[in-house]
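Each chain is listed here by its residues.
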Amino acid sequence: MRFRHPDGTTVHLAYCTNVHPAETLDGVLAQLRDHCEPVRRRLGRDRLGIGLWLAKDAAHALDTDPAALRGLRAALDRRGLEVVTLNGFPYEGFGAEQVKYRVYRPDWADPERLEHTTALARVLTGLLPDDLTEGSVSTLPLGWRTTWTDARADAAHAALLTLAERLDALADLTGRSVRVGLEPEPGCVVETTGDALAPLTAVGHPRIGVCVDTCHLATSFEDPHTALDALAAARVPVVKSQLSAALHAEHPRLPAVREALAAFDEPRFLHQTRTVGSTGRLHGTDDLGQALTGDALPDTSPWRAHFHVPLHAAPAAPLTSTLPVLKDALTRLVGGPHPLTRHLEVETYTWQALPPALRPRGRAQLADGIAAELALARDLLTDLGLKELP
């Protein structure tokens, strides 16, 4: 979906296909048929943006076989879909029964991460619509904190410098610019937008910036305006933003709240949980179950858990979502005189991880839910003065 900002800039809205995990190119093509096109039809649109997640094997197939890349582009056109952004965070296995810490491997100290991201950038130049010359890729925020060392930090810095050189060369070769954004996430080396400032200013390249995920922003209790102002002051570009909402518990000490939170403690994904203590310090656990056990996390202040809940359907009381944080962030991102980013992506990949009573039953209900999320995001954009384009 495309929108015209009052300054004339085109802003793109998509939804991320990591909600339909597929490891192979055949699986990606099936996603377009079984999920993406039905969502487009529900929205009554001739064209719908999707943020493709391409696992290692699918990316390699597209990068090494020009005919395969042309075939995917043709399938997108045929089904009324377009791609301006890729989700390059998960490398493989995102559809596994247990993902947890695996999603952070390989990290940016491993050569595989550089090669995979380079391949994604090359593929994206072949998928961009004919009238566009700029794409984006979101990626891992360097690595998981507990395995990080100075040596790994040096290797990651060198890899990002090499990536920047490759993106420059790719732009010269194709006439199409791809930017890559580190996506701050709780528990990682780059947990907050503030953590991104030092490594990205050290790289100092306009094609390497930040992907602001509003669920992650909220989970770490970052104020959107403060965070985005700091990025702007440091001249760190917001390459893209993932529109998402975290799980919020206002009174975690209450037994009813604990019981409601426990329903979201599921075995597939990691649900980092955070709270702000009485001194203003951020406290956290790596997973929701750890927070619910014993006294690992202070419970006198609200908790937020990294669980992407559907944007249009906040959990039932006594829980809620951080949709207000998303709205504040979006106001700063695209509500000013000029947009801070042109690529927006709804990313609720946890539909099938919701408590059983809230999960969609079959493809049709999932498509209904994704369409409802996009409709909400569309309304937020038009309320900010953007005009939906055909």
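In this report, the structure presented in the accompanying data block is examined.

Reading the values: the criteria
- Residues numbered from 1 in each chain as written.
- Predicted model: local features only at pLDDT ≥ 70, side-chain atom pairs only at ≥ 80, totals over all residues.
- Heavy atoms only, no water.
- Helix = DSSP H or I, 4+ residues; strand = E, 2+ residues; numbered from the N terminus.
- Expected span 1.5 Å × (residues − 1).
- Contact = heavy atoms within 4.5 Å.
- 1 Å grid on protein atoms, 1.4 Å probe; cavity = no way out; pocket = protein on both sides within 12 Å on 5 of 7 lines; lining within 4 Å.
- Points joined across faces, edges and corners; volume = space filled by probe spheres on them.
- Nonpolar A, V, L, I, M, F, W, Y, C, P; charged D, E, K, R; others polar.
- Axes fitted to C-alpha atoms, helices over the stretch in contact; angles between N-to-C directions.
- Parallel < 35°, antiparallel > 145°, perpendicular 65-115°, else oblique.
- Left-handed = near helix turned anticlockwise from the far one by under 90°.

1. Examining helix α5 (residues 150–174)
Since one α-helical turn is 3.6 residues long, residues separated by three or four positions face the same way. Here α5 spans 36 Å end to end across 25 residues, near enough to the 36 Å set by a 1.5 Å rise per residue. Where α5 is buried, its residues meet α4 (111–127), β6 (177–182), α6 (193–203) and β7 (208–213). One or two residues past the end of α5 sits Gly175, with phi positive at roughly 75 degrees.

2. Re the layout of surface pockets
Each pocket or cavity is described by its volume, and for the largest pocket that value is around 240 Å³. Residue classes in the lining of the largest pocket are distributed as 14 nonpolar, one polar and no charged. Residue lining of the second largest pocket: Arg179, Leu228, Leu231, Ala232, Arg235, Val236, Pro237, Val238, Pro339, Leu340, Thr341 and Arg342, and that is the complete set. Take the lining of the second largest pocket: its biggest share by element is three residues, from helix α8 (residues 224–233). For the lining of the second largest pocket, the residue count by class is eight nonpolar, one polar and three charged.

3. A few points about the packing of α4 against α5
Across the interface, α4 lies against α5 with an axial gap of 10 Å and an inter-helix angle of 20 degrees. When the axes of α4 and α5 are compared, the pair comes out roughly parallel. As α4 runs across α5, the sense of the crossing is right-handed. Facing Leu114, Glu115, Thr117, Thr118, Ala121, Arg122 and Thr125 of α4, the residues of α5 in contact are Ala159, Thr162, Leu163, Arg166, Leu167, Leu170 and Thr174.

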